[in-house]
Amino acid sequence: MPEAETAPEAGSEAPAVLPEVLPPPGPADPAMPGRAAGPLRPDAPLPMIGEQAAPVDAAPEAARPATPTMPGALALNAVPFRAPPGAPLLSLVLIDIGAEGLDRQTLLTFPFPVTFVLDPAAPDAEAAMAAYREAGYEVAVLGSGLADLAPEAAAARLGEAFDRIDGSIALVTPEGDGFEGDRDLTGAVLGLLEASGHGLVTADKGPNDALRAAEQAGLREAGIFRTLDDAGQDAETIQRMLNRAVLEARQNGHAVIVGHSHPETVTAIYAWALLSGPADAVLAPLSAVLRQSRP
């Protein structure tokens, strides 16, 4: 894969203080309850640099149903999104780490599509889901702690998680060390996803047959291209990784990149998206990537 530029141009580095990057609170946007007005809305694509393309649907509306008469979670909970035809899609997925990360009111100011991943065991998971959904963002469920469970127990735990975070669109397992290496466990998890209509997003590395099995089962799935901050990466490194993700999206039609709600990570993402921009890819909610037609 060709290397992207290794450093942003002068003036595009992430500022040291987060409020210098974040947009100030504005008056309420009547088209989006609970959302501050801003230059972009989470359900609209970030325009491609130097081009104003007429928006069209990024993907068909249909998703694999949970039952013959009832649409699944992905179809029910995806935010509206339109993108230029054939544009590469880049989805930013941010794991909400609670009090250890940036405060939620600041996270609710993203002026471009971001999908938030919630730990179903967090005490405020339901409140967090409601806040993100009201502000127009998508939410997904963090899958962890499944590797040590029997298949039936893992499916039951996930079922409880989906019931609690009932506005979610997908199961996200960024580490790739959960159920993916166990065939029986994978079968149980995929069976639950098929019944609920959730998508699957997992690390595409190592002995991970879950993505291939999900694809064969007709589920909506996507591999994670990179995790931005799993090794304490600095702002410059995070921006280089985002640039590489754009190249990945150009080559494959889409890319999913994951980070955590650390202040440094959020600052770097803001600086890259608002000062440098995603070049010729479109920032998209996770559902748009999951529902994108595969070659």
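Refer to the structure printed above.
Residues numbered from 1 in each chain as written. Predicted model: local features only at pLDDT ≥ 70, side-chain atom pairs only at ≥ 80, totals over all residues. Heavy atoms only, no water.

Draft legend 1. Focus on the nonpolar core. Ranked by internal contacts, the top residues of the largest apolar core, which has 54 residues, are F110, F112, Y132 and L171. Leaving out residues up to four positions away in the same chain, Y132 has contacts with D96, R104, L107, L108, F116, L118, Y137 and V139. Counting residues in hydrophobic clusters, the runner-up holds 24 residues, among them I95, V117, A170 and I224. (Core = buried A, V, L, I, M, F, W, Y, C linked by side-chain atoms within 4.5 Å. Buried < 20%, exposed > 50% of the residue type's maximum accessible area, 1.4 Å probe, protein only. Contact = heavy atoms within 4.5 Å.)

Draft legend 2. Fine view of the packing of aromatic side chains. For the structure shown, the criterion picks out 6 aromatic pairs. For the ring pair F116 and Y137, a centre distance of 5.4 Å and an interplane angle of 90 degrees mean the geometry is edge-to-face. Here F116 is found in strand β4 (residues 115–118), whereas its partner Y137 is found in the loop between α3 (125–134) and β5 (138–142), with 21 residues between them in sequence. With relative accessibility at 0%, the residue F116 sits in the buried group. Grouping aromatic residues by their ring pairs yields a cluster made of F110, F112, F116, Y132, Y137 and Y270. The ring of F225 has R226 sitting right over it, with the charged end atom 4.3 Å from the ring centre. (Phe/Tyr/Trp six-rings, centres within 6.5 Å; stacked < 30°, edge-to-face > 60°. Helix = DSSP H or I, 4+ residues; strand = E, 2+ residues; numbered from the N terminus. Lys NZ or Arg CZ within 6 Å of the ring centre and 35° of its normal.)

Draft legend 3. Local environment of empty space enclosed by the protein. Taken as a whole and judged by the stated rule, the model has 3 cavities of 30 Å³ or more. What lines the second largest cavity is simply L92, V93, L94, F110, V114, L228, I257, V258, G259 and I269. Its residues placed into classes, the lining of the second largest cavity shows 9 nonpolar, 1 polar and no charged. (1 Å grid on protein atoms, 1.4 Å probe; cavity = no way out; pocket = protein on both sides within 12 Å on 5 of 7 lines; lining within 4 Å. Points joined across faces, edges and corners; volume = space filled by probe spheres on them. Nonpolar A, V, L, I, M, F, W, Y, C, P; charged D, E, K, R; others polar.)

Draft legend 4. Representation of the layout of surface pockets within the structure. Of the pockets and cavities examined, the largest pocket occupies roughly 570 Å³. Taken together, 23 residues line the largest pocket, and the ones lying closest to its centre are D204, L211, A222, G223 and I224. Going through the elements one at a time, α6 (210–216), β8 (221–224), β9 (226–227), α7 (235–252) and β10 (254–260) are the ones with two or more residues in the lining of the largest pocket. The element contributing the most residues to the lining of the largest pocket is β8, with 4 residues.

Draft legend 5. Broad picture of the side chain of S91. Examined against the element boundaries, S91 turns out to sit in strand β3 (residues 89–95). Of note is the side chain of S91, whose polar atom sits 3.3 Å from the backbone nitrogen of L286. When neighbours within four sequence positions are excluded, S91 is seen to be in contact with A255, V256, I257, A284, P285, L286 and V289. (Polar contact = N/O pair within 3.5 Å; in protein donor to acceptor, adjacent residues only side chain to side chain.)

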